[in-house]
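Fold and geometry: a report
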Amino acid sequence: PVNCITEDNSLDHIAWQNVESGYDNGGMKLLVCRNILVRHNLIRDVIGGPGVWLDWDNVNCRVTQNVVKDTQCAGGGIFIEASERTNWVDHNVIWNIKGNGVYQHDCDGLIVFNNLIGRCTDSAVRMQVCTARKLNGRVVTCKRNQVRNNVMVDNRMILFLSDPENSSDYNVIGDARNPQSLASWQKASDKDTHSRQIPIQATLHGLTLSLKWAVTQEFTSNSGELPGPFNKAATLKRTI
């Protein structure tokens, strides 16, 4: 696909044959993309593949404003593969993933921002080198990727960033089960200096999302460091 928009689709109960090892399965798989926009799609109940998969040498692509929920794939709710130019994954709701929320391997310059990622059995965002392939004449790497201003709720791991040239900051961690998860990640990675952890009660019944959070004085004194509405206590309920 070149200069394309893929939008307003509902994809349900995909890849039920569970043949993920074929490496060509998913709710939506697009290959060698140039200047494409994937937006406003509802993708759920994908068993043997990612929800959205952009594969190989993608350039100037954006995956935005999608809902991906109830998928079962190590490749994640949204998977970007083997690309060395800038691509965006932003403003998506990614929920209840048996695997990673946003996953990429062998990519440089991917920007993941302003997503709500919750209830993943692996990392909310995982970035790594997975193969020794060559892309455009050079061995693939995983560098200069950014993770910014995301809300990550009750995932098994916050982040996995395999290369020190990747950066992450200004995220909200809503893990109520482990109040030290962000502190542990900050110590291990030396990243997310301005990120904050606040307990967030979150549910997604059907397509109705409910979020409830409280903010202590410690956070309100640094409210400018918290993205969006998270600098004050609130309850949010909306249909997505």
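Here the residue index of a chain counts from 1 through its sequence in written order. For a predicted model such as this one, the threshold for reporting local features is a pLDDT of at least 70, and the threshold for listing and counting side-chain atom pairs is 80 or more; totals across whole chains, interfaces and linings nevertheless cover every residue. Excluded from the side-chain calculations are hydrogens and water; all other atoms, namely the structure's heavy atoms, are used.

Quick look at the pattern of salt bridges now. Note on definitions: salt bridges are taken to be side-chain nitrogens of Lys or Arg within 4 Å of carboxyl oxygens of Asp or Glu. Counted according to the given criterion, the structure contains 16 salt bridges. A salt bridge links Arg133 to Glu81, with the shortest nitrogen-to-oxygen separation between them at 3.0 Å. Highlighted residues: Arg133 in the loop between strand S15 (123-128) and strand S16 (134-135) and Glu81 in strand S9 (residues 78-81), separated in sequence by 52 residues. Only protein chains enter the area calculation, which uses a 1.4 Å probe; residues under 20% of their type maximum are buried, those over 50% are exposed, and those in between are partly exposed. Glu81 gets classed as buried once you look at its relative accessible area, which sits at 8%. Notably, a salt bridge pairs Asp122 with Arg126, separated by 3.2 Å at the nearest N-O pair. For Asp122, a relative accessible area of 19% gives the class buried. Residue Arg126 is classed as buried on the basis of its relative accessible area of 13%. Beyond isolated ion pairs, a larger network of salt bridges with shared partners links Glu84, Asp108, Arg138 and Arg144. Counting from the N terminus, the helices are the DSSP runs of H or I reaching at least four residues and the strands are the DSSP runs of E reaching at least two.

It is worth spelling out empty space enclosed by the protein at this point. Site definitions follow a grid-based scheme: protein atoms alone, a 1 Å grid, a 1.4 Å probe that fits but cannot get out for cavities, and for pockets an open set with protein on both sides within 12 Å along at least five of seven lines, plus lining residues having an atom within 4 Å of a point. Grid points are joined across faces, edges and corners, and a volume is the space filled by probe spheres set on the points. Under the defined criterion, the tally for this structure stands at two cavities of 30 Å³ or more. Considered as a void within the structure, the largest cavity measures approximately 50 Å³ in volume. In terms of lining, the largest cavity is formed by Ala124, Met152, Asp154, Asn155, Met157, Ile158, Ile173 and Asp175. Residue polarity is assigned by list, with Asp, Glu, Lys and Arg as charged and Ala, Val, Leu, Ile, Met, Phe, Trp, Tyr, Cys and Pro as nonpolar; anything else, Gly included, falls into the polar class. Grouping the constituent residues of the lining of the largest cavity by class yields five nonpolar, one polar and two charged. Roughly 40 Å³ of internal volume is contained in the second largest cavity. Looking at the second largest cavity, the residues that line it are Ser83, Glu84, Asp106, Asp108, Leu135, Arg138, Val139, Val140 and Thr141. For the lining of the second largest cavity, the residue count by class is three nonpolar, two polar and four charged.

So yeah, pure geometry; function would need other evidence.
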